[in-house]
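Structural characterization, general
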Amino acid sequence: MRIAVFGMGYVGLVSAAGLASWGHEVIGVEVARARLEALRAGRLPIYEPGLSSLVATGVAEGHLRFVSELKPGQGVDIAIIAVGTHDGDGGWQTQPIESCLSAIVPNLDDGAAIVIRSTLPPAFLPALRTLVAAKRAATGRGPVPLMVNPEFTKEGTAVSDFLHPDRIVVGQIDDPAGLGTQCVREMYHAIPETTPFLVMAGEDAVLAKLGANLFLATKISFANELALLCEAYGADVTSVVGAMGHDDRIGPKFLKAGIGFGGSCLPHQVTMTVREARLDGRSTPLFAAVESINDQRRYDFVDRLRDAAGGTLEGRTVALLGLTFKPNTDDLRDAPSLTIAEAAMAAGARVVAYDPMAPARIRAASLLPGLEIVDSVEAALRDADVAGLVTEWPEFIGLDWAEVAEWMRIPAVVDGRNALDPDAVLAAGMSYIGFGRQVGRVAVATTRRAAPWNDQLEWASAAAD
Ligand code: UGA
């Protein structure tokens, strides 16, 4: 198939490269000159594991190219819209999708379909349906199917999430004859038959996407509230959710307590769901609580830095380990690190940060004046009064804490991701503060007695005397 993808951001570029790898002829359309030039020169505007080689292969094999606009008569079978829908001020914007549709709808051949892959709220759909129908009617040509195909890719694993999806959701915004649905089915020809291909109304598909992210955010805020309960009762949240996760109705994922969720997706979608409901006179108390629990965690982290630094941040040096909103990305959008650094500086601290991802370091330096960014973990930790683990990059997890204790003025770490072993950190002579963690417990190896169905060693925790 010949497919044009509009918008070479995260979603568009991963989709374009993935589709090209399945043998489609893909045209990536990017209006931002600098980004287009970079792509043509083989430089990616984002860091995403595996993407660079997928793009390079697509280009080398002649399946992928980049242009600034789609000229009439290019004969595409599918036009995918993957332009941004954030307005930069925490809200949604329709304008980029609308202007893209206005430009392409009159030129599409009969039989082609439009597929929106940008994340958008359900309230946008009627206006988009009307716009496409009106633009198409004005050309005097047949209607064009309008579909939505939300993406469920995660930054850091976006390429494999795209190539091996756990489900494909197809929403019919306007597809009375099912032709658009058929086009999307052909587009995903390389996906095994066993992968659920779920066809539904456009509104359902958009809410299936939003609902998934709201649920993940809810799980994280749930774990964070549970961590507070663990602190009140002297329990360890990692053991608690570890046990809960064996229930397959609950599952073990997205129950990690800590400084909460960041990035361009979860925080924005929770906030906008709450905000739009309020504007419509509806209330979403659960999502409002998810949002406020998450916001609070960043400030709780700063309070814990203060406690670990001896009760004040005034004149103290805080070493922040990690800036990106999660490992394996260079993304700083709504990264907890920035809120934390800003709040710590406002409390009088000098904040020195290190992140293994160089582009994130460069951007963070310009985003937050006063934040000192260094080029090694040792440079961040040397003579610091307290360390704060913000992003669980493997480099930090594998640190030799005895060595770290020697570098620091006050050997103390606040673990914002509950990613460290508290007892190992303590044994290295550091103090440790996590979220809902217990320290000073001993691990006791037990063997299940005469249990042929389970002869493994089990580790049970018991409180130290
Ligand atoms: C999220 C969804 O996971 C994807 O399915 C979705 O396609 C994507 O948004 C999107 O809408 O485009 P992403 O933003 O890449 O993906 O990041 P996640 O892996 O979901 O992590 C979000 C945040 O939650 C990170 O800051 C992470 O550190 C935090 N998190 C995650 C926790 O605090 N605890 C956990 O247990 C898990």
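Residues numbered from 1 in each chain as written. Predicted model: local features only at pLDDT ≥ 70, side-chain atom pairs only at ≥ 80, totals over all residues. Heavy atoms only, no water.

A few words now on the nonpolar core. Among soluble globular proteins, nonpolar side chains are generally buried collectively. If you look at the biggest cluster of nonpolar residues, it comprises 55 residues, and the most contacted ones within it are Phe301, Leu320, Leu381 and Trp401. Among the elements that make up this core, the one with the highest residue count is helix α12 (residues 336-346) (five residues). When near neighbours in sequence (up to four residues on either side) are disregarded, leucine 381 contacts Ala319, Leu321, Ala387, Leu399, Val404, Trp407 and Met408. (Core = buried A, V, L, I, M, F, W, Y, C linked by side-chain atoms within 4.5 Å. Buried < 20%, exposed > 50% of the residue type's maximum accessible area, 1.4 Å probe, protein only. Helix = DSSP H or I, 4+ residues; strand = E, 2+ residues; numbered from the N terminus. Contact = heavy atoms within 4.5 Å.)

Attention now goes to the packing of helix α10 (residues 266-279) against helix α11 (residues 285-308). Following both chains from N to C, one finds α10 and α11 inclined at 135°, their axes separated by 9 Å at the closest point. Considering the angle they form, α10 stands oblique to α11. The way α10 lies across α11 gives a crossing that is left-handed. Of α11, the residues touching α10 (which contributes Val270, Thr271, Thr273, Val274 and Arg278) are Phe287, Ala288, Val290 and Glu291. (Axes fitted to C-alpha atoms, helices over the stretch in contact; angles between N-to-C directions. Parallel < 35°, antiparallel > 145°, perpendicular 65-115°, else oblique. Left-handed = near helix turned anticlockwise from the far one by under 90°.)

Time to look at the site of the ligand. Neighbouring the ligand are 21 residues; Glu151, Thr153, Glu155, Lys209 and Asn213 lie closest to it. In the model, an oxygen atom of the ligand is placed 3.3 Å from a nitrogen or oxygen of the phenylalanine 152 main chain. Here phenylalanine 325 contributes a backbone N or O atom positioned 3.0 Å from an oxygen atom of the ligand. Taking 720 Å² as the accessible area of the ligand by itself, protein coverage stands at 91%. Across the shell around the ligand, the residue classes break down as nine nonpolar, five polar and seven charged. (Near = heavy atom within 4 Å. Polar contact = N/O pair within 3.5 Å; in protein donor to acceptor, adjacent residues only side chain to side chain. Areas by Shrake-Rupley, 256 points an atom, 1.4 Å probe, with all protein chains shown as cover. Nonpolar A, V, L, I, M, F, W, Y, C, P; charged D, E, K, R; others polar.)

Attention now moves to the domain arrangement of the protein. Taken domain by domain, the protein comprises domain 1 (2-195) and domain 2 (211-433). Computed over C-alpha atoms, the centres of domain 1 and domain 2 are 34 Å apart. The interface of domain 1 with domain 2 comprises 16 residues on the first partner and 15 residues on the second. With both sides pooled, the region where domain 1 packs onto domain 2 buries about 1,300 Å², and carbon together with sulfur makes up 54% of that total. Broken down residue by residue, the surface that domain 1 buries against domain 2 is led by Tyr47, Trp92 and Glu155, which jointly contribute 45%. The interface formed by domain 1 and domain 2 holds one salt bridge in total. One salt bridge connects arginine 333 with glutamate 155, and the closest N-O pair in it is separated by 3.5 Å. Along the contact surface separating domain 1 from domain 2 lie eight residue pairs in polar contact (both at pLDDT 80 or more). Of the residues contributing to the side of domain 1 that touches domain 2, the split by class is seven nonpolar, five polar and four charged. (Domains from an automatic or database assignment. Buried area = accessible area lost by both parts, 1.4 Å probe. Salt bridge = Lys/Arg side-chain N within 4 Å of Asp/Glu carboxyl O.)

Covered by surrounding structure in strand β12 (residues 386-389) are Val386 and Gly388 together with Ala387 and Leu389, the residues of both alternating faces. In terms of strand pairing, strand β9 (residues 317-321) meets β12 through four bridges, oriented parallel. Across the sheet, residue leucine 320 finds its bridge partner in β12, namely glycine 388. (Pairing = 2+ DSSP bridges.)

Another point: the packing of aromatic side chains. Applying the stated criterion across every chain, the model contains five aromatic pairs. Ring geometry for phenylalanine 162 against tyrosine 188: centres 6.4 Å apart, planes inclined by 40°, an arrangement best described as tilted. Of the two residues, phenylalanine 162 is situated in helix α6 (residues 158-163) and tyrosine 188 in the loop between α7 (179-187) and β8 (197-201); the sequence distance between them amounts to 26 residues. Considering the side-chain rings of tyrosine 354 and phenylalanine 396, the 6.0 Å spacing of their centres and the 80° angle between planes classify their relative orientation as edge-to-face. One end of the pair, tyrosine 354, is in strand β10 (residues 350-354); the other, phenylalanine 396, is in helix α15 (residues 394-397), with 42 residues separating them in the sequence. Accessibility expressed as a relative area gives 7% for tyrosine 354, which makes it buried. Geometry around phenylalanine 152 places arginine 167 over its ring, the cationic atom sitting 3.7 Å from the centre. Against the face of phenylalanine 435 rests arginine 304, its NZ or CZ located 4.3 Å from the ring centre. (Phe/Tyr/Trp six-rings, centres within 6.5 Å; stacked < 30°, edge-to-face > 60°. Lys NZ or Arg CZ within 6 Å of the ring centre and 35° of its normal.)

Before going further, it helps to spend a moment on the state of the cysteines. Counted under the stated rule, the structure contains zero disulfides. The thiol of cysteine 100 is not disulfide-bonded; the next cysteine sulfur, from cysteine 183, is found 17 Å away. (Disulfide = S-S within 2.5 Å.)

Across the five residues of strand β1 (residues 2-6), four count as buried, placing the element largely inside the fold. Looking at chain direction, β1 and strand β2 (residues 25-29) are connected through five bridges and run parallel. Considered in β2, the bridge of arginine 2 is made with glutamate 25. What joins β1 to β2 is helix α1 (residues 10-21), and the crossover it makes is right-handed. Sheet analysis places β1 next to strand β4 (residues 78-81), joined by four bridges and oriented parallel. Counterpart to phenylalanine 6 in the pairing with β4 is isoleucine 81. (Right-handed = clockwise from strand over helix to strand, strands pointing away.)

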